[in-house]
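# Fold and contact review
Below are the chains, spelled out letter by letter.
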Amino acid sequence: IFLCSPCDTNGKVHAAILYTARYLGIDEVYKVGGAQAIAAMCFGTISIPKADKIFGPGNTYVTKAKELALQAGIAIDLPAGPSEVLIIADHTADPDFVAADLLAQAEHGADSQVVLLTNEPRLSEAVNKAIERQLPALDRKKIIQQALVHSISVVCDSLEECIAFSNAYAPEHLIVATNDATMLLDKVTNAGSVFVGHYSPESAGDYASGTNHTLPTNGYAKSYSGVSVDSFVKKISFQEISPEGLNQLGPTIETMAEAEGLAAHKHAVRIRLNKLSYEQ
């Protein structure tokens, strides 16, 4: 296991990243990021080894590079980036909370997208005003403003319509900020990670609540799950069949092989069954 991380203008990797790597026992850290890091891990260089599988989120270029790495035969965790959040909110939602969550996700990059769905028209207006109040105090306000240009707020007729919209959009992060939010969860079919209730900000998932924040974006939540321990597990199956077992399984194997038109598969079973029949 090795790590690629971009360095600052002084050529140094952030101290928190180096500390975490040491804490996890990772002693290979390369000062490179972006699509070029993906290319290095995909093909290998003089200084950077070729990887078996590439993990981690990134911007549009990193995501596209990972998809190209997949075509080159290197496994990836999932397409992850640019970042996005979708919030479903009703009349019980705090406009300041909702605005803060939208701004938090928008600061990831100019190509990030944030979406608000609500069945309460007055909430949409209140959130827009809250965004205007909170934005000037944020360090990355220029990036946030660019992200907000292609972000949307949609007023739906009902929460059920909000859920249907969300499932079609398949957001990376879904925040359900409604009364009795847990009652809606069984209707969620496509989302990377779901944050339930008014006091579950998406920031918690990024840093401290225990879930991994490398999640499918751009609608990939319809077919991918987020990174988990299972993402790092490679499974190998083993099987041994006794003569008695082959006598029982054999006819089934032969029937299926014949249905698929693979006579040699059937023959590999039949030659053993004939031998067993002869020996008996």
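Everything that follows concerns the structure shown earlier in this document.
Residues numbered from 1 in each chain as written. Predicted model: local features only at pLDDT ≥ 70, side-chain atom pairs only at ≥ 80, totals over all residues. Heavy atoms only, no water.

So, on to the overall build of the chain. Secondary structure assignment for the chain yields ten helices and nine strands. Its C-alpha radius of gyration of 25 Å places the chain more than 25% over the 19 Å reference for a compact globule of 280 residues. At a minimum sequence separation of 6, the contacts of the chain that also span at least 24 residues come to 61%. Surface accessibility of the chain: about 16,900 Å² in total, with carbon and sulfur atoms responsible for 55%. The averaged location of the 32 negative side-chain charges in the chain is 8 Å from the averaged location of its 21 positive side-chain charges. (Helix = DSSP H or I, 4+ residues; strand = E, 2+ residues; numbered from the N terminus. Rg over C-alpha atoms; globule rule 2.2 N^0.38 Å. Contact = heavy atoms within 4.5 Å. Areas by Shrake-Rupley, 256 points an atom, 1.4 Å probe, with all protein chains shown as cover. Lys, Arg positive; Asp, Glu negative; His and termini not counted. Charge placed at Lys NZ, Arg CZ, Asp CG, Glu CD.)

What follows is about the packing of helix α2 (residues 34–43) against helix α3 (residues 60–71). As a packed pair, α2 and α3 sit with axes 8 Å apart at the nearest point and diverge in direction by 20°. When the interaxial angle is binned, α2 and α3 end up roughly parallel. In terms of crossing hand, the pair formed by α2 and α3 is right-handed. Contacts between α2 and α3 involve Gly 34, Ala 35, Ile 38 and Cys 42 from the former and Tyr 61, Val 62, Ala 65, Lys 66 and Ala 69 from the latter. (Axes fitted to C-alpha atoms, helices over the stretch in contact; angles between N-to-C directions. Parallel < 35°, antiparallel > 145°, perpendicular 65-115°, else oblique. Left-handed = near helix turned anticlockwise from the far one by under 90°.)

So, about the environment of Leu 24. With respect to the helices and strands, Leu 24 occurs in the loop between α1 (15–23) and β2 (29–30). Owing to a relative accessible area of 58%, Leu 24 belongs among the exposed residues under this scheme. Between the C-alpha atom of Leu 24 and that of Glu 172, which follows or precedes it by 148 residues, the distance is 26 Å. (Buried < 20%, exposed > 50% of the residue type's maximum accessible area, 1.4 Å probe, protein only.)

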